[in-house]
Amino acid sequence: MKKGYYFVVTEDTDKEGKPFHNLVLTEGTFQNYGKLMVHRGSHRTGNPCAWKVSHIQSGACIAGNLLLDKARNLAKALQKFNDTWNLNTYGELCDAVHNGTEEMDMVKAVITAHR
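Since the structure is predicted, the reported quantities are computational estimates derived from the model, not experimental observations.

*Asks:* Talk me through a nonpolar patch on the surface; I want residue IDs and the actual numbers.
*Replies:* On the surface, a nonpolar cluster with roughly 440 Å² of combined accessible area is contributed by Y5, F7, L23 and L25. Contributions of two or more residues to the nonpolar patch are made by strand 1 (2-13) and strand 2 (19-33). Take Y5: it is sitting in strand 1.

Below, the structure written as C-alpha cells:
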C-alpha cells in the first residue's frame, strides 16, 4: 500500500444547482491492481470498512464500504474483464453499465459475489 494522491469521481453541483461528476484529486492510501485500485481516503483512516475499488482511468468507484481483504479480492477477481477496464471515461463506463453487455453482466455478478 502507498500513501499519496489519486483521482476519484465525486458528484458535485454547478452554479445553477445542476449535478455533475467531477474528477477530484484525493489524498489517501491506495494500491493498484492493473487498471483498478483499492483505496481509502485519509479522512476515513479509522474506519476498517471504508475501502473502495475504483477504475483508475475514469476515477469511477466500482464498489465501496468494504474491508481491505474483500476490496483486494474483488480487485483481483475483476482483472479479467479487459473490455470493461479499457474504457477511458466515467461516461463510457456508465454507458457500458446501462447498455448491459454480457461482460458487464459478469462484472456485476462478480461484484455481488464479493460483497
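The structure having been displayed, the exposition proceeds.
*Asks:* Lay out the environment of R115 in plain terms, naming residues and giving numbers.
*Replies:* Along the chain, R115 falls in the segment after helix 4 (102-113). Spatially, the C-alpha atoms of R115 and K70 are 7.4 Å apart, while their sequence positions differ by 45 residues.

*Asks:* Quick one: what's the story with the sheet that holds strand 2, residue by residue and with numbers?
*Replies:* Taken in spatial order, the 5 strands make up an open sheet running 1-2-3-4-5, and their pairing is antiparallel. Every other strand in the sheet has two partners, leaving strand 1 and strand 5 (61-66) as the edge strands with one partner each. Strand-to-strand, the axes of this sheet are offset by a mean angle of 35 degrees, without reference to chain direction. Sheet analysis places strand 1 next to strand 2, joined by 12 bridges and oriented antiparallel. Across the sheet, the residue bridging to Y5 is E27, located in strand 2.

*Asks:* Quick one: what's the story with the pairing of strand 5, residue by residue and with numbers?
*Replies:* As paired elements, strand 4 (residues 51-55) and strand 5 share 3 bridges and run antiparallel to each other. Across the sheet, the residue bridging to S54 is C61, located in strand 5. A loop of 5 residues connects strand 4 with strand 5, the two strands running antiparallel in sequence, and G59 in this loop sits at a positive phi of about 80 degrees.

*Asks:* Lay out the nonpolar core with the relevant residues and their values.
*Replies:* Membership of the largest hydrophobic core comes to 21 residues, with the highest contact counts inside it found for V53, I62, L74, L78 and W85. Those elements giving two or more residues to this core turn out to be strand 3 (36-41), strand 4, strand 5, helix 1 (68-77), helix 3 (90-99) and helix 4. Among the elements that take part in this core, helix 4 stands out by supplying 4 residues, more than any other. In this view, V53 contacts L36, M37, V38, A60, C61, I62, A63, L66, A71, L74 and A75; residues no more than four positions away in its chain are not counted.

Scoring rules and cut-offs
- Each chain carries its own residue numbering, running from 1 in the written order of its sequence.
- In keeping with the predicted nature of the model, local features appear solely for residues at pLDDT of at least 70, side-chain atom pairs appear and are counted solely at 80 or more, and the whole-chain, interface and lining totals rest on all residues.
- To obtain the side-chain values, all non-hydrogen atoms of the structure were included, while hydrogens and water were left out.
- Residues form patches when they are more than 30% accessible in relative terms and have no salt bridge. Like charges link within 9 Å. Nonpolar side chains (Val, Leu, Ile, Met, Phe, Trp, Tyr) link within 5 Å.
- Only the protein chains shown count as covering a residue, and every accessible area follows the Shrake-Rupley method with a 1.4 Å probe.
- A side-chain nitrogen of Lys or Arg and a carboxyl oxygen of Asp or Glu constitute a salt bridge if their distance falls within 4 Å.
- Only DSSP runs of H or I covering at least 4 residues are called helices, and only runs of E covering at least 2 are called strands; the numbering of each starts at the N terminus.
- Strand pairing is assigned whenever DSSP identifies at least 2 bridges connecting the two strands.
- Note on definitions: angles span 0 to 180 degrees between N-to-C directions of axes, and those axes are lines fitted to C-alpha atoms, for helices only across the stretch in contact.
- Only buried Ala, Val, Leu, Ile, Met, Phe, Trp, Tyr and Cys residues count toward a nonpolar core, and they belong to the same one when joined by side-chain atoms within 4.5 Å.
- Each residue is placed in one exposure class: buried if its accessible area under a 1.4 Å probe, protein chains only, is under 20% of its type's maximum, exposed if it is over 50%, and partly exposed if it falls in between.
- Residues are treated as being in contact if the distance between any of their heavy atoms lies within 4.5 Å.

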